2 protein chains.
Amino acid sequence: MDFDPEQRPAQKEEPDVTVVAEGPPPAFDAEAEVERDEPWKRAAELVDASDRLGLAEFLEASDPSDLSRTIERLDRDRRGRLLDVLGPEASAELMDQLVDAQCGELLEAAEPSVAAGVLEQMPSDEQADLIAALDPEDAVAVLAELPADVARLAEEIAGFSPDSAGGLMNTDIVSFRQSTDAGSVVSDLRRRADQVEDDSIQYIYVTDGDGRLTGVLRLRDLLLSPSWRTLEDFMIRSPLAVQTGASLDELLDVFDARAYLGVPVVDDVGVLRGVVQRADVQEASGERSERDHRRSQGIIDEELRSMRLVDRSRSRLAWLSVNILLNILAASIIAAHQDTLEAVIALAVFLPIISDMSGCSGNQAVAVSMRELALGAIKPKDVLWVWRKEVQVGLINGAALGLLIGAVAWIWKGNAWLGLVVGAALSINTVIAVSVGGAVPLVLKRFGKDPALASGPILTTVTDMCGFLLVLSIASALMPHLI
Amino acid sequence: MDFDPEQRPAQKEEPDVTVVAEGPPPAFDAEAEVERDEPWKRAAELVDASDRLGLAEFLEASDPSDLSRTIERLDRDRRGRLLDVLGPEASAELMDQLVDAQCGELLEAAEPSVAAGVLEQMPSDEQADLIAALDPEDAVAVLAELPADVARLAEEIAGFSPDSAGGLMNTDIVSFRQSTDAGSVVSDLRRRADQVEDDSIQYIYVTDGDGRLTGVLRLRDLLLSPSWRTLEDFMIRSPLAVQTGASLDELLDVFDARAYLGVPVVDDVGVLRGVVQRADVQEASGERSERDHRRSQGIIDEELRSMRLVDRSRSRLAWLSVNILLNILAASIIAAHQDTLEAVIALAVFLPIISDMSGCSGNQAVAVSMRELALGAIKPKDVLWVWRKEVQVGLINGAALGLLIGAVAWIWKGNAWLGLVVGAALSINTVIAVSVGGAVPLVLKRFGKDPALASGPILTTVTDMCGFLLVLSIASALMPHLI
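The name given to chain A in an unreviewed UniProt entry is Magnesium transporter MgtE, with Rohdeia mirabilis as the source organism. Per UniProt, the comment on chain A under Function (unreviewed entry) is "Acts as a magnesium transporter." Under the Subunit (unreviewed entry) heading, UniProt states for chain A: "Homodimer."

Examining the overall build of chain A
Summing up its helical and strand segments, chain A has 24 helices and 8 strands in all. At 30 Å, chain A has a C-alpha radius of gyration far larger than the 23 Å of a compact globule built from 483 residues. Taken over the C-alpha atoms alone, chain A extends approximately 95 × 60 × 55 Å along its principal axes. Each of the 483 residues in chain A was classed as buried or not, and the buried ones make up 57%.

Section: the environment of D37(A)
Mapped onto the elements, D37(A) comes out in helix α1 (residues 30-37). Linking D37(A) and D66(A), residues 29 residues apart in sequence, is a C-alpha distance of 9.2 Å. Not counting the four nearest positions on each side in its chain, D37(A) is found in contact with R69(A) and K381(B).

Points about the relation of the copies chain A and chain B
The second copy of the chain is related to the first by a rotation about an axis and a shift along the axis. Once chain A has been moved 0.0 Å along the axis and rotated by 180°, it coincides with chain B to within an RMSD of 0.0 Å. What the superposition gives is, in effect, a two-fold axis relating one chain to the other. Comparing interface residues between copies, 99% of those in chain A also sit at the interface in chain B, which points to an isologous, same-surface contact.

What to know about the UniProt feature "domain: CBS" (unreviewed entry) in chain A
The UniProt entry lists residues 169-234 and 235-293 of chain A under the feature "domain: CBS" (unreviewed entry), expressed in the numbering used here. Along residues 235-293 of chain A one finds 44% helix and 29% strand; the C-alpha atoms at either end are 44 Å apart.

Quick word on the packing of aromatic side chains
Throughout the structure, instances matching the rule amount to 2 aromatic pairs over all chains. One Lys or Arg, R446(A), reaches over the ring of F447(A) and ends 5.3 Å from the middle of that ring.

Some remarks on a negative patch on the surface
On the surface, a cluster of negative charge is made up of D256(A), D51(B), E57(B), E60(B), E89(B), E93(B) and D96(B). Breaking the negative patch down by element, the ones donating at least two residues are α3 (52-60) and α6 (88-95) of chain B. Among the secondary structure elements, E57(B) is positioned in helix α3.

Digging into the packing of helix α3 (residues 52-60) of chain A against helix α5 (residues 76-86) of chain A
If you want to describe how two helices pack, look at the angle between their axes and the distance between the axes. Residues and elements named next belong to chain A. Two elements in contact, α3 and α5, have axes whose closest approach is 9 Å; the angle formed by their N-to-C orientations is 105°. The pairing of α3 with α5 is recorded here as roughly perpendicular in orientation. On α5, the residues touching R52, L55, A56 and L59 of α3 are L82, D84, V85 and L86. For the contact of α3 with α5, the class distribution of residues is 6 nonpolar, no polar and 2 charged.

Topic: the interface of chain A and chain B
The parts lose accessible area when they come together, and the size of an interface is often stated as this lost area. Each partner contributes to the interface: chain A provides 142 residues, whereas chain B provides 141 residues. Across the chain A/chain B interface, buried area totals approximately 13,800 Å², and carbon plus sulfur atoms make up 61% of it. Between chain A and chain B we count 16 salt bridges in total. For D382(A), the salt bridge is made with R69(B), and the minimal N-O distance between the two is 2.7 Å. Remark: the boundary between chain A and chain B carries 41 residue pairs in polar contact (both at pLDDT 80 or more). Take the side of chain A that touches chain B: its biggest share by element is 17 residues, from helix α20 (residues 347-375) of chain A. Of the residues contributing to the side of chain A that touches chain B, the split by class is 70 nonpolar, 29 polar and 43 charged.

Side note on the side chain of R79(B)
Residues and elements named next belong to chain B. As for its placement among the helices and strands, R79 is situated in helix α5 (residues 76-86). We classify R79 as buried; its relative accessible area is 5%. In terms of polar contacts, R79 uses its side chain to reach the backbone carbonyl oxygen of I71, at 3.4 Å. Among the polar contacts listed, one links the side chain of R79 to the backbone oxygen of L74, at a separation of 3.1 Å. Ignoring anything within four residues of it in the chain, the contact list for R79 reads I71, E72, L74, E105, L106, A109 and S306.

Focus on the state of the cysteines
Evaluated as defined, the whole model comprises 0 disulfides over all chains. Free of any disulfide, C360(B) has its nearest cysteine sulfur in C360(A), 12 Å distant.

Comments concerning unusual backbone geometry
Its identity is not glycine, yet S50(A) carries a phi of approximately 50°, on the positive side. Along the chain, S50(A) falls in the loop between α2 (39-48) and α3. Positive phi is not limited to glycine here, since S238(B) has a value of about 40°. Inspection of the secondary structure puts S238(B) in the loop between β5 (236-237) and β6 (240-243). By relative accessible area, S238(B) is classed as buried at 5%.

As for the UniProt feature "transmembrane region" (unreviewed entry) in chain A
Look at the UniProt record and you will see "transmembrane region" (unreviewed entry) annotated at residues 317-337, 343-370, 391-412, 418-444 and 456-479 of chain A. In residues 317-337 of chain A, helix accounts for 95% and strand for 0%; the two terminal C-alpha atoms are 30 Å from one another.

Thoughts on the pairing of strand β3 (residues 203-207) of chain A
All names here are of chain A. For β3, the buried fraction is high: 5 of the 5 residues fall into the buried class. Both faces of β3 are covered, namely the face carrying Y203, Y205 and T207 and the face carrying I204 and V206. Examined bridge by bridge, β3 and strand β4 (residues 213-218) share 5 bridges and lie antiparallel to one another. Along β4, the bridge assignment pairs Y203 with R218. Between β3 and β4, which follow one another and run antiparallel, lie 5 residues, and G211 among them has a positive phi close to 85°.

Thoughts on the confidence of the model for chain A
Reading predicted coordinates in detail is not appropriate for stretches of low pLDDT. Per-residue confidence for chain A gives a mean pLDDT of 86, with 90% of residues at or over 70. Counting interchain partners and residues more than four positions distant, the pLDDT-below-50 stretch residues 21-28 of chain A has 3 contacts.

As for the sheet that holds strand β4 (residues 213-218) of chain B
Residues and elements named next belong to chain B. Read from one edge to the other, the open sheet built from 4 strands follows the order β2-β3-β4-β5, with strand pairing classed as mixed. Of all the strands in the sheet, just β2 (175-177) and β5 have a single pairing partner and so form its edges. Bridge count between β4 and β5: 2 bridges; the pairing is antiparallel. By the bridge assignment for β5, G215 is matched with R237. The strands touched by helix α13 (residues 182-192) are β2 and β3 (203-207); relative to β2, the strand with the most contacts, the crossing angle is about 145°.

Section: the sheet that holds strand β2 (residues 175-177) of chain A
All names here are of chain A. Judged by pairing direction, the sheet is mixed, and its 4 strands sit side by side in the order β2-β3-β4-β5 without closing on themselves. Looking at which strands have only one partner, the edges of the open sheet turn out to be β2 and β5 (236-237). Where β2 meets β3, 3 bridges bridge the pair, whose relative direction is parallel. Across the sheet, residue R177 finds its bridge partner in β3, namely T207.

What about helix α4 (residues 64-73) of chain A?
Summarising burial for α4(A): 10 of the 10 residues are buried, a large majority. Within α4(A) the residues assigned to the buried category are P64(A), S65(A), D66(A), L67(A), S68(A), R69(A), T70(A), I71(A), E72(A) and R73(A).

Focus: the pattern of salt bridges
Considering all chains together, one arrives at 56 salt bridges over all chains under this definition. Where R81(A) meets D77(A), a salt bridge forms, and the shortest distance between an N and an O atom there is 3.0 Å. Highlighted residues: R81(A) and D77(A), both in helix α5, separated by 4 residues, approximately one helical turn. Through salt bridges with shared partners, a single ionic network connects E303(A), R305(A), R312(A), R316(A), E372(B) and E390(B).

Parameters and conventions
- Residues numbered from 1 in each chain as written.
- Chains lettered and ligands numbered in written order.
- Predicted model: local features only at pLDDT ≥ 70, side-chain atom pairs only at ≥ 80, totals over all residues.
- Heavy atoms only, no water.
- UniProt positions renumbered as here; feature names shortened; annotations may be inferred.
- Helix = DSSP H or I, 4+ residues; strand = E, 2+ residues; numbered from the N terminus.
- Rg over C-alpha atoms; globule rule 2.2 N^0.38 Å.
- Buried < 20%, exposed > 50% of the residue type's maximum accessible area, 1.4 Å probe, protein only.
- Contact = heavy atoms within 4.5 Å.
- Least-squares fit on C-alpha atoms with pLDDT ≥ 70 in both.
- Phe/Tyr/Trp six-rings, centres within 6.5 Å; stacked < 30°, edge-to-face > 60°.
- Lys NZ or Arg CZ within 6 Å of the ring centre and 35° of its normal.
- Patch = residues over 30% accessible without salt bridge, like charges linked within 9 Å, V, L, I, M, F, W, Y side chains within 5 Å.
- Areas by Shrake-Rupley, 256 points an atom, 1.4 Å probe, with all protein chains shown as cover.
- Salt bridge = Lys/Arg side-chain N within 4 Å of Asp/Glu carboxyl O.
- Lys, Arg positive; Asp, Glu negative; His and termini not counted.
- Charge placed at Lys NZ, Arg CZ, Asp CG, Glu CD.
- Axes fitted to C-alpha atoms, helices over the stretch in contact; angles between N-to-C directions.
- Parallel < 35°, antiparallel > 145°, perpendicular 65-115°, else oblique.
- Nonpolar A, V, L, I, M, F, W, Y, C, P; charged D, E, K, R; others polar.
- Buried area = accessible area lost by both parts, 1.4 Å probe.
- Polar contact = N/O pair within 3.5 Å; in protein donor to acceptor, adjacent residues only side chain to side chain.
- Disulfide = S-S within 2.5 Å.
- Pairing = 2+ DSSP bridges.
- pLDDT = per-residue confidence, 0-100.

Quick look at the structure:
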């Protein structure tokens, strides 16, 4: 799957650049068209034929997004045989291009010995992530098939939170003792040139006799240094490092403040354990925010539609069940005011509008609070300031929406008092909604709860109850004018 | 703001590692406590005193998240003077740690000449992003103050879509003619060592006489090459490159498929224009998904609460206005069935529950479709497959939720038929909601519309209308059993 420019024959003499660009195929080719349209069919044929070479070539020629679609649509049985047919190296390259949830599905579907063979080909941080993504019993079966030292390392990394420095770090790093001379380092690098992946050498890490990190070398300095000098003479001393337990937010702060591409990770006693890369931290941050978004909709597990129906349904239903109970709670306000509703049935038309619009306004405030929290622009203790800022927007938007809905009610029923009831209720409830929406994520965060998961249900329950209560009690107070 | 380990005195002899970790302060210090709690107050004092050195030191010592909070809370007037007091270099370092929206606010508040001075200190891609983030009239004023060549380059880059290779690329790159010898390259690099930022040299790009990209050099190969060899002898030929117009998705595919840290960007005729970095692409991708999330809640502009009230309110209201009209449309279904509602007033209690729960179920399907679209696991033409997968979940979850709400209705009013009406309506509407929710993002994408912005309002309007219609027409059909 790796692209090696040197292997390409230079067919043209002149500027010979491989430009990546999507474009129409040069000519119409019916078979190629089918493969592009339904790539999983071709993959299924190759799995059935146990054609290792053909399958590897086919997957290698696929775009990353087609790979994802192929795995999504391949049936469960063939998904189980795929890694075995493909072999460990090509499987590891395939999994490098899929998200963890898809890799987990492939590994769970495969025999434990096959899964272990594939995992052995992957970098240590990814091994750990994937083992963590497996069902516990599958994970135990796979770990039993791995060589003891690999399994120990993977288990250890899997013990770190996946979004911590320990969970994100790569342990395949290049380090040398500080007493080594520059010449030996260069010849050692030359000897290992083919083992070490191209891009993993940006810095060379320097340790003392006990493996503790003492310095960092830039390749450039190594390049410019006489070969007899020892590393401790020209290394950068007291380099910046993070501890294995550093959180994703701490890592983002580190990389925000500095242009570094990677930062070494040390344990409690300063021993070098790995390197965490800027790109991996950025990726983990992007994934976290997408995960938060899905959690706010009740997609708690990393659902893909290729997963088992029972798992998909159960995971969604867990959140929906809590929600329906909160909804019943909110609707009990209406039940308690049935007499008012019976007298002015037109109010029933406006209850869902007020519920939905207040939810929308409140969710806007939630979204802004979530963003400002993520940026560090606000902290949980800023809740009063946030509330002041939200009330201002709520007063303006509440007035606008209230006037609109009031006018609609007035024109529809020809009763200005009805307009007043629903308009006033929506205006006031908009102010309540943005206040609650702005504050709830801060309060949840203050008490260590997950704002993404709980803000929405809390917000809509409060705004529904307040909205129903406002409509029905204002109507009850103004009843003589309404009937 | 940059961390230079070499400048630090090595106070200890032994392992001397700067570990970044949050922890309690060593001792309580009342003044430091206030600064940490309300850092904008100290910043305001320093701006008022025009204390350039003090302000720079204070900001340098702040955590990145505290910086963001300081700018958020500083009043508009002082925000306008901040960059002037701080001076161009320190301002550019500060802005490197803020999001574009906050940088834009600082630049807009400052005098155009001050803003231009700060921009001159920034890399070309960031200049362009920030100019694009300004109000048009502010952008014109700032461009007029920039040197002609800088302004021209910034305008050119700003002409690329911010999420394209042209918009994301950095133009400050190291390139050499292919006829240069290795020795000259090394001595040139040595001469420029201090100008060139640490991490920007990972590859050295090689061009022909017309500036067209012909090869790429790894630093390692340069290190191991005799000084008399010319670059064309040992460069990697026909390197991978992307065109300036390549989209973010294409860039993500490129970096997904390969372990490269950066990819060169060329124009139509193959001339090297810049380099796009993996970390920048990952960051842009994360920001896009967060932006999509906020757009789905109607936060269309990049709102921060430090922005002007009128802008914040107007931007939120634009989306709410569309929503309230859709809500009124949906509620017109209830208005048309007032007689049914009047006969069975208990139904009014269940209408908001059915509306909200269907919205929740549908939004779960939207979230899964958005994720699978982003992964490439589905394409717009897979709409039938998605629908089949969703119907299965919808049938199970609809049955569960319908039974629950039906039981509640039955127990509350002691009328099994009422339970049947609301239970059946919610069951059927759940299937409709997941079908619509799963399909809508695909259909919108198929027609080139933004699924993040429009999926939610379309979904809730359809599910509200169907839900109200189901409850009221089933009730109407079973009316003899309900009264």
